[in-house]
Structure formats: structure tokens, C-alpha cells
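# Chain and residue survey
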Amino acid sequence: MANDEDAPRAALREVRIDKRQVRVLAHPLRMRLVGALRVKGPATATTLAELLGTNTGATSYHLRQLAEVGLVVEDHDRGSGRQRWWRAAHDVTNWEPSDFDDDPDARAAIEWIQGDQVRLLVETAERWFATQHEWSPAWRDGFGMGDIFMTIPPDRLEELKAEVWQVLERYHREVEPAATDPEARPVQVFLAAYPLREGLQ
């Protein structure tokens, strides 16, 4: 599968999803297709089906659904004959939960997507716990989670999230070290902020 990760990165391509896009995206396979194209780079429906353990017919159908709302696009530079290549239209999907307050269907869709993100975090953490003994001490110290408690108004919390996100984007834009550093590995970083549970406030 082709991968464009070796070149210096430009600014992240972001999309603030609208109501139509969020309804289409709220599907297990479609979420995985967009994620795979963002991580692995352009691919065919056949390659994606093999990667995700599904069939080419289902993959092709859901890619077309995503393309209809502009979340994936055909990569005409790579296509040849009947073989169609696809790529993610964006690097990052953005939204605010309140964007969908006036549309119950879109609100339900975004709530499903948020729940899927939590499921992914749990699966990622459990996979790490099960295999961390296979990693070097440097990686075992580097991976993991932490938290901090604070009392903060919502506008300051938005500022905090934006500032942390800028740091993540800066690291993302830097040249991939894989060509020169044999220790480099793909890493997924989650950013989350939630209210402290009652009784601890």
C-alpha cells in the first residue's frame, strides 16, 4: 500500500463536519475506513478489505458513501483501469457537540462517534497492557496515560485544548524520523477532558 508519510508534513487538513457528514460517518466500518486511509495512505477497496477483515463489496459501498459527503476522494493519479484508489480528504475531523443540538439524528450520530472513540481508547489501552512486556524500557516509559485535576471555566478549557492541540500538530508536521531512527514507531495520542465526578469537586 502506498504511503506518503516519508515527506515533510504540511499543515494538517481539517474538516469541521456538518450534519450530513456526521450521519454518514457514524458507522463502524466507515470510521475504520477513514482511519485506515489517514494512517496508511491511499489504498484500493481490496487492500482496505484485507486490512480490516471485511469483503471488497462492503468496503467499496462504504467508500462511495463517504465520498458522497467529501470525507474520502478518489485518487485518480494512482488508479488504473478498473482499480480505483481512495484517499482521505482530510487529516483531522473536528466538531463541537453543540453543533448538532438542533438535529436529533445528527446529535445521536455524534454521540455514537464519541462512544466509538472511547471504545477505541479502551481497546488500545487493553492491547498495550497485554503486550507491554514485549517492548523496550524506553517505550514502556514513553507510553501510558496520566491525568491532572483543575478548576477551570469553559472558555479557559477551550484555550487549554487548543494550545495542547497546537503542540500535537507541530510534532505531526515535523519530518518523520523513521528513515534515520530505527526506534521510531507509529503512535496514537488521545486528547480528552471530562468533568470530575461528583463528590470529588
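Residues numbered from 1 in each chain as written. Predicted model: local features only at pLDDT ≥ 70, side-chain atom pairs only at ≥ 80, totals over all residues. Heavy atoms only, no water.

## Examining the sheet that holds strand β3 (residues 72–74)
Note the threshold: DSSP-based pairing: two strands are paired if at least 2 bridges between them are found. Secondary structure elements follow DSSP: runs of H or I no shorter than four residues count as helices, runs of E no shorter than two count as strands, and numbering proceeds from the N terminus.
In spatial order, the strands read β2-β4-β3; together these 3 strands make up an open sheet with antiparallel pairing. With partners counted over all chains shown, the strands left at the sheet margins are β2 (43–44) and β3, one partner each. Two strands pair when backbone bridges link them, and β2 and strand β4 (residues 85–88) are joined in this way by 2 bridges, in the antiparallel orientation. In the strand pairing of β4, A43 is matched with W86.

## Regarding the packing of helix α3 (residues 45–52) against helix α4 (residues 56–68)
Filter applied, for reference: Here the axes come from fitting lines to C-alpha atoms, over the contacting stretch only for helices, and the angles between their N-to-C directions go from 0 to 180 degrees. If an angle is under 35 degrees, it is roughly parallel; if it is over 145, roughly antiparallel; if it lies from 65 to 115, roughly perpendicular; otherwise it is oblique. Should the near helix be turned counterclockwise from the far one by less than a right angle, the crossing is left-handed, whereas a clockwise turn marks it as right-handed. Whether two residues are in contact is decided by their heavy atoms, any of which lying within 4.5 Å being enough. Under the scheme applied here, ten amino acids are nonpolar (Ala, Val, Leu, Ile, Met, Phe, Trp, Tyr, Cys and Pro), four are charged (Asp, Glu, Lys and Arg), and all others, including Gly, are polar.
Close contact between α3 and α4 brings their axes to 8 Å; oriented N to C, the two are set at 115°. One way to sum up the angle between α3 and α4 is to call them roughly perpendicular. As α3 packs across α4, the resulting crossing turns out to be right-handed. Touching A45, T46, L48 and A49 of α3 are T56, T59, S60 and L63, all from α4. Its residues assigned to classes, the contact of α3 with α4 comprises 4 nonpolar, 4 polar and no charged.

## Details of α3
The condition that has to hold: Here the term buried applies to any residue with accessible area under 20% of the maximum for its type, exposed to any over 50%, and partly exposed to those in between, with areas from a 1.4 Å probe on protein chains only. Directions from the helix axis toward the C-beta atoms define the arc.
Of the positions making up α3, those classed as buried are A45, L48, A49 and L52. Taken around the axis of α3, the buried residues stretch over an arc of 105°, which confines them to a single face. Elements in contact with the buried residues of α3: α2 (28–40), β2, α4 and β4. Looking one or two places after α3, you find G53, whose phi comes out positive at around 70°.

## A few points about helix α5 (residues 104–131)
Basically, it comes down to this: By this rule, a helix spans an expected 1.5 Å times one less than how many residues it contains. Side-chain atoms alone can form a polar contact between residues adjacent in sequence; in general such a contact is a pair of N or O atoms within 3.5 Å, and within protein one must be able to donate a hydrogen while the other accepts it.
A rise of 1.5 Å per residue sets the reference length of α5, with its 28 residues, at 40 Å; its end C-alpha atoms lie 41 Å apart and thus fit the reference within 8%. The set of residues buried in α5 consists of A106, A109, I110, I113, A125 and W128. Considering only its buried residues, α5 is in contact with α1 (19–25), α2 and α6 (137–142). Between the side-chain oxygen at the start of α5 and the backbone nitrogen of D105 there is a gap of 3.1 Å, and the oxygen is on D103.

## Some details on the pattern of salt bridges
To be explicit about the condition: For salt bridges, the criterion is a side-chain nitrogen of Lys or Arg within 4 Å of an Asp or Glu carboxyl oxygen.
Considering all chains together, one arrives at 9 salt bridges under this definition. The residue R78 makes a salt bridge to D75 at a minimum N-O spacing of 2.9 Å. Overall, R78 belongs to the partly exposed group, its relative accessible area being 29%. By relative accessible area, D75 is classed as buried at 9%. Residues R119 and D116 are paired through a salt bridge, measuring 3.5 Å at the closest nitrogen-oxygen approach. One end of the pair, R119, and the other, D116, are both in helix α5, 3 residues apart, so they sit about a helical turn from each other.

## Considering the confidence of the model for the protein chain
Test applied: pLDDT measures how confident the predictor is about each residue, on a scale from 0 to 100.
Here the protein chain averages 87 in pLDDT, and 89% of its residues register 70 or above. Ranking the helices and strands of the protein chain by mean pLDDT puts α4 first, with 96, and strand β1 (residues 14–16) last, with 87. The low-confidence segment residues 1–8 (pLDDT under 50) makes 20 contacts with residues lying over four places distant or belonging to another chain.

## Remarks on the packing of aromatic side chains
Heads up, the condition is: Working definition: rings of Phe, Tyr and Trp (its six-membered ring) pair if their centres are within 6.5 Å, and the pair is stacked with planes under 30 degrees apart, edge-to-face with planes over 60 apart, and tilted otherwise. The criterion is that NZ of a Lys, or CZ of an Arg, lies within 6 Å of the ring centre and within 35 degrees of the ring normal, and then a charge sits over that ring.
Here the structure, examined in full by the defined rule, presents 5 aromatic pairs. A centroid spacing of 5.8 Å and a plane angle of 75° characterise the contact between W135 and W139, whose relative ring orientation is edge-to-face. Taking relative accessible area as the criterion, W139 reaches 17% and is therefore assigned buried. Among the aromatic residues, those joined into a ring-pair cluster are W128, W135, W139 and F143. Over the face of the ring belonging to W112 we find R119, whose NZ or CZ atom lies 5.4 Å from the ring centre.

## Remarks on a nonpolar patch on the surface
Rule in force here: To count toward a patch, a residue needs a relative accessible area above 30% and no salt bridge. Like charges then connect within 9 Å, nonpolar side chains (Val, Leu, Ile, Met, Phe, Trp, Tyr) within 5 Å. Note on areas: Shrake-Rupley with a 1.4 Å probe; residue coverage comes only from the protein chains shown.
Taken together, the side chains of I148, M150, I152, L160, V164 and L191 present a nonpolar region at the surface, about 510 Å² in accessible area. Tracing the backbone shows I148 in the loop between α6 and α7 (154–173). By relative accessible area, I148 is classed as exposed at 67%.

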